[in-house]
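Here is how the chains run, residue by residue.
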Amino acid sequence: MLATAYLLIYFSPFTNQAPIAQQTTRHYGITSAISLALPKEADLVQTQRLIETMKPYGVFEEDLELQHRIMVLGKLNTLVKEWIKEISEQKNLPASVTEEVGGKIFTFGSYRLGVHTKGADIDALCVAPRHVERSDFFSSFYEKLKEQEEVKDLRAVEEAFVPVIKLSFDGIEIDILFARLALQIIPENLDLRDDALLKNLDIRCIRSLNGCRVTDEILHLVPNIENFRLTLRAIKLWAKRHNIYSNILGFLGGVSWAMLVARTCQLYPNAVASTLVHKFFLVFSKWEWPNPVLLKQPEDCNLNLPVWDPRVTPSDRYHLMPIITPAYPQQNSTYNVSASTRAIMVDEFKQGLAITDEILQNKAEWSKLFEAPNFFQKYKHYIVLLAGAPTEKQHLEWVGLVESKIRILVGNLEKNEFITLAHVNPQSFPGPKEANDKEEHSTMWVIGIVFKKIEGSETRNIDLTFDIQSFTDTVYRQAISSKMFEQEMKLSAMHVKKKQLHQLLPNLKRRKHSTDGLRQMNDSNLDLSIDSDNSMSVPSPTAVPSSTPNKGCTLGHPHSPVGASPGPATVSHIEATGEAEGAKPTVTRQRSITATVPPSQTPPPTMGPPATKRQGSPTSETPTKKSRSDKVCYLCFVSNLTVCMCLPSQGVSTADLSDVPVVPKSPIALVKNSIKLRLSR
C-alpha cells in the first residue's frame, strides 16, 4: 500500500497543484501582469460549463487509467535501476558505488504537463550516470526490455535526430530517450532544470534533456498550474478541431501551444480557465508578430551552445512567429511557421475571440468554440498530394518523410506571385485504390489555395510545375540519401476544384496517421522538446471508438488522375480554365504521360530572407524535346550526360518525352508533376 502511494506521488503529473482561485502576488514573466483581478462567481460557473463541454471529447483521463500509467512508469523505473546496477557491476565499479548508483525515468510532454488525453502515449527520458554509454542503452537495456512479458512492439531508432526506443508497455505506448550525465550517481531528488548538468555533455544528450527541461520550466513559470492545465486542454482541443495543430506542417505543436497559454497565465495570474481562454484569444489576435513570445528573460550559461538570438544569428531574424523555449539553450519552437500558416492561425485567433465574447455574454455555448469548420468548403482550389508505397512498412516510412517536407511545398507556393495563401490540412486521408488489383498503400494530403483576384477582363496563365517539382525533388533526394528509397514509392500532385473533392474523398472520413519516421526525418535545428501530440488526430465528442479506417476508395470518374495511372511515374498536365475566386471554372486535362524522370537539380529551400514573389513559370503548349539514352542512371542524369557512363554503351536514342511508349529502365522511378491553370475573371 505504501509502495503504491509512493508511486502515485512520484510519477503523477498532478502533484503540487494550486487551488483554482488562489490569489497570486508574485511577479511572473518578463512584464508585469495586465490584470490581477480575482475570479467572480460567473467566471467559476463558466469554467464548470467549459469542463462539461470538453468531457465528451475524451480530453480527461479516468482515475483508473491514470493509476495504470503510474504503475507502468514505476515498473519501467525499476527496470532502469536494475539495468544500471548490472552495467556498474560489469564495469567493476566499487560495491559502495554500485549500490547507490541510481538512475531514473523522467517524463515530459503532454503527460508531464498534465494535459494528456485518453490513450495518449508517454514521452520519457532515461537518465544514467557517466559510466553508462549510449550503446549500452540501445543494446543491453533493449534486450532487457525484450525479456519483459508486458513489452510489445519494441523498436529502436538509434540514428534519429533524437535517438529513441519505442515500445508498448502493458498497453501504454512509450517513447524513451536517453541522456548520460557527467555524474557518478543519479540522486533521487535530481532537478534537470539545473544548467550545470549540461556541462561536458554531447549534443544528443542535450537534445534528449531539452524536452524535460522545457516542460519543467513551463510548469515553474505559471502562477497556477491547475488553471494552466485546464486552459491548455481547451486550447489544444480547439486547435485540433480547427486543423491548426501540427508543428511538422508549419502550425504549432503541443509545446508551442503550452507556451502561449503559459504567457496568458502570466499576464492574468489570478484568472480561472474560462477567463484565460478568452484572454488567450484577445492577446494573440492582437500580438504584433514577429515580436517573440518569452516566458522569462533568456540566460547565457557560457556553454557555447547555439541559442535563438536575432542579434547574432541572421536566420533568426526571419522567423515569422517566434515562441522561445524557456530552458537553456533557448530555441524557437515555431521555426516551421510560414506566412500562410501564420495568417491562418491569426485569423483563427480573431474568430476565437469573437466566439468567446459571445460565450461570456451568455449569447453562445462553449460547444460553439469547438465546432470544426469545413475545410473542404473553405476554398475553391485545392492541391492534392498522394504518397504511395507497395508495403505497409515502406508506406509508413515514406509518409513520414513526405509529411515532414510538405511545409517546403507550402513555402514554394507562397512565393508564387499569383498565390495569396496555401493552407495544408494537418489531417491525412487514405488514398484512392488503383484501377488494377495491385496492392498499394497510399495517403493523401489536401492543400487549399487562394489565388489573387483578377481585375477586369484579364486572363492569367499560371504554371505550378516548378513549385511542385522542386518539392518532389527534395523529397526524393532525402529518401535516396537516407537509403530508404524503394522502387514504386510514388509522390504525385493534382489540382482539384472544390466540387470535385468528393471523387477523392467520398466520405471525408478523418484518419490518424502513424509516422514513426517523422522525427528522424525532420531536418530541425537544436530541438525544442519533442511533442508527442504532433500527429493530427481530431477528437470528436463521442465515447464510441472509431471503426477500422477506410483503406481507400475506387474512383469511377473517367478523369481520375490516380485511378487511371498505368505506371509508377505519371506526368499529369492539368489546365484549369475558370474564374479566380469568381464564377464556375471548367477543367480540361491533357493526357497522362508515363515516364521515368529523375529529379531536377533544384536546391532544397533554406531559411533566409523572405523571398520576393516568384513570377509564374511561362506556360508552353509544346513539350520540350529531350535527348536521353533509354538507360541513363540517376548519377549520369544529374551530371547532364545523355549516355550513361555506368552501363555498357547502348547508343543514343532521341525521343520526345510525350512519345515514349514504355517506361525506360532506370534505377529510380520518380514522378514528375505539371500543373497549369488559366484563370480569368
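Here the structure is a predicted model, which means the values were calculated and not measured. (Residues numbered from 1 in each chain as written. Predicted model: local features only at pLDDT ≥ 70, side-chain atom pairs only at ≥ 80, totals over all residues. Heavy atoms only, no water.)

Now for the packing of aromatic side chains. Remark: the centre distance and the inter-plane angle together describe each pair of aromatic rings, the angle taken between the planes. In total, this model carries 26 aromatic pairs according to the counting rule given. Residues F284 and W289 carry aromatic rings whose centres are separated by 6.3 Å and whose planes lie at 20 degrees to one another, so their mutual orientation is stacked. By way of ring pairs, the aromatic residues W238, W257, F280, F281, F284, W287, W289 and F349 are connected into one cluster. The side chain of R207 reaches across the aromatic face of F161, ending 3.8 Å from its centre. Just above the ring of Y245 sits the side chain of K240; from NZ or CZ to the centre is 4.9 Å. (Phe/Tyr/Trp six-rings, centres within 6.5 Å; stacked < 30°, edge-to-face > 60°. Lys NZ or Arg CZ within 6 Å of the ring centre and 35° of its normal.)

Burial of strand β9 (residues 441–451) is extensive: nine of the eleven residues sit out of reach of the surface. Relative to β9, strand β6 (residues 381–389) is paired through nine bridges, and the arrangement is antiparallel. Within β9, the residue paired with V384 across the bridge is V446. Relative to β9, strand β7 (residues 419–424) runs antiparallel, the two being bridged by five bridges. Residue pairing for β9: A422 is matched across the bridge by I449. The sheet contact formed by strand β8 (residues 429–430) and β9 spans two bridges and is antiparallel. Along β9, the bridge assignment pairs P430 with T443. (Buried < 20%, exposed > 50% of the residue type's maximum accessible area, 1.4 Å probe, protein only. Helix = DSSP H or I, 4+ residues; strand = E, 2+ residues; numbered from the N terminus. Pairing = 2+ DSSP bridges.)

A word on the environment of L385. By the secondary structure assignment, L385 is in strand β6. With a relative accessible area of 0%, L385 lands in the buried category. Look past the residues within four positions of L385 in its chain and what remains in contact with it is I406, L409, T443, M444, W445, I447, F471, S492 and A493. (Contact = heavy atoms within 4.5 Å.)

Counting 110 residues, the largest nonpolar core has F228, W238, W257, L260, W398, I406 and I447 as the members making the most contacts within it. In this structure W238 touches I244, W257, F281, E348, F349, L369 and F370, once residues within four positions along its chain are discounted. Of all hydrophobic cores here, the second largest spans 32 residues; its members include I70, C126, A128 and I172. (Core = buried A, V, L, I, M, F, W, Y, C linked by side-chain atoms within 4.5 Å.)

Our focus in this paragraph is the pairing of strand β5 (residues 172–180). Taking burial as the measure, the nine residues of β5 include seven buried ones, the bulk of the element. The pairing of strand β2 (residues 122–128) with β5 spans seven bridges and is classified as parallel. Note that in β5 the partner of I122 across the bridge is I174. Note: strand β4 (residues 164–169) against β5, five bridges, orientation antiparallel. Counted as the bridge partner of K166 is D175 from β5. Between β4 and β5, which pair antiparallel in sequence order, lie two residues; one of them, D170, sits at a positive phi of approximately 55 degrees.

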